[in-house]
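Summary of structural features
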Amino acid sequence: LQVVIFQDSIWDRMDACADAMVTLMFAEVQRFGPLFSQLINDQPPERQQRLGSAFQQLVSGNGLSFEGATLGRIQRQQFRANLKTFLSDVRVFMRIK
C-alpha cells in the first residue's frame with residue numbers, strides 16, 4: 001500500500017496492483033480492518049479523518065462488498081475504480097511533509 005501511495009510512477013501498473021491488493025483483501029478480510037486502523041492512527045491527527053474516509057470508500061465504494069461475496073470480474077473492476085479514486089484523493093495530502 002505504501003508503494004501505491006508514495007511511488008511516482010505507479011499509474012501504468014495500477015490495475016495489476018489493484019488486482020493483487022483485492023485478492024489479498026478477499027483472502028484475509030479480517031486482517032485488513034486492523035491494518036487500515038493502524039495506518040490511520042500512525043498519521044498526524046489532521047490527516048486521520050480524511051484518510052479514514054478514503055479507506056472506507058476504497059473498500060465499500062461502487063457497491064463493493066467483502067462480506068459473503070466471491071471475488072469475480074465485477075468486484076475487481078469495482079476495486080480498480082475505487083483504488084484510482086482513493087489514490088487521487090489521498091496522494092495529495094499524504095505526500096506533504
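Just so you know, these numbers come straight off a predicted model, no measurement behind them. (Residues numbered from 1 in each chain as written. Predicted model: local features only at pLDDT ≥ 70, side-chain atom pairs only at ≥ 80, totals over all residues. Heavy atoms only, no water.)

Overview of the overall build of the chain
Selection criterion: The secondary structure listing takes helices from DSSP runs of H or I that are at least 4 residues long and strands from runs of E that are at least 2 residues long, numbered from the N terminus. Between the two quantities, the radius of gyration covers C-alpha atoms and the globule rule is 2.2 Å times the number of residues to the power 0.38. Accessible surface is estimated by sampling points in the Shrake-Rupley manner with a 1.4 Å probe; for residues, cover comes only from the protein chains shown.
When its secondary structure is counted, the chain shows 5 helices and 0 strands. Moving toward the C terminus, one meets the helices and strands of the chain in the order α-α-α-α-α. Taking 97 residues into account, the globule formula puts the C-alpha radius of gyration at 13 Å, and the chain, at 13 Å, falls close to it. The C-alpha extent of the chain, read off along each of the three principal axes, is 40 × 30 × 20 Å. Carbon and sulfur atoms make up 52% of the accessible area of the chain, which totals about 6,000 Å².

Thoughts on the packing of aromatic side chains
How we decide: Ring pairs shown here join Phe, Tyr and Trp side chains whose ring centres sit within 6.5 Å, with only the six-membered ring taken for Trp; geometry is labelled stacked below 30 degrees between planes, edge-to-face above 60, and tilted in between.
On inspection of all chains with the given rule, the structure shows 3 aromatic pairs. Residues Phe 32 and Phe 36 carry aromatic rings whose centres are separated by 5.9 Å and whose planes lie at 55 degrees to one another, so their mutual orientation is tilted. Of this pair, Phe 32 and Phe 36 both sit in helix 3 (residues 29-41), 4 residues apart, roughly one helical turn. On the numbers, 4.2 Å between centres and 20 degrees between planes, the contact of Phe 36 with Phe 55 is stacked. Of this pair, Phe 36 sits in helix 3 while Phe 55 sits in helix 4 (residues 45-60); the two residues are 19 residues apart in sequence, bridging distant segments of the chain.

Brief notes about the nonpolar core
What counts here: The term nonpolar core refers to a set of buried residues drawn from Ala, Val, Leu, Ile, Met, Phe, Trp, Tyr and Cys, joined through side-chain atoms within 4.5 Å. Accessibility here uses a 1.4 Å probe with only protein chains present; expressed as a share of the type maximum, an area under 20% marks a residue as buried, one over 50% as exposed, and anything in between as partly exposed. Any pair of residues with heavy atoms lying within 4.5 Å of one another is described as a contacting pair.
Core analysis: the biggest nonpolar cluster contains 27 residues, and Leu 51, Leu 58, Phe 66, Phe 79, Leu 83, Phe 86 and Val 90 have the highest contact counts within it. Once residues within four sequence positions are removed from consideration, Phe 66 is found in contact with Val 22, Met 25, Phe 26, Val 29, Val 59 and Phe 79.

Things to note about unusual backbone geometry
Look at Asn 62: it is not a glycine, yet its phi comes out positive at around 60 degrees. Following the sequence through the fold, Asn 62 ends up in the loop between helix 4 and helix 5 (73-94).

So, helix 2 (residues 14-27)
We count it as follows: To estimate the expected span of a helix, count its residues, drop one, and scale the result by 1.5 Å.
Its 14 residues place the ends of helix 2 20 Å apart at the C-alpha level, agreeing with the 20 Å of an ideal helix rising 1.5 Å per residue. Within helix 2, the full set of buried residues consists of Met 14, Cys 17, Ala 18, Asp 19, Met 21, Val 22, Met 25 and Phe 26.

A closer look at the confidence of the model for the chain
As a reminder, the rule being used: As a per-residue measure, pLDDT tells how confident the predictor is, with possible values from 0 to 100.
Within the chain, residue pLDDT values average 85, and 93% of them lie at 70 or more. Ranking the helices and strands of the chain by mean pLDDT puts helix 4 first, with 92, and helix 1 (residues 2-6) last, with 71.

Quick notes on the pattern of salt bridges
Note the threshold: The term salt bridge refers to a side-chain nitrogen of Lys or Arg lying within 4 Å of a carboxyl oxygen of Asp or Glu.
One pass over the structure, following the stated rule, counts 3 salt bridges. For Lys 84, the salt bridge is made with Asp 15, and the minimal N-O distance between the two is 3.4 Å. Of the two residues, Lys 84 sits in helix 5 while Asp 15 sits in helix 2, which places them 69 residues apart along the sequence. Under the relative-accessibility criterion, Lys 84 is labelled partly exposed at 37%.

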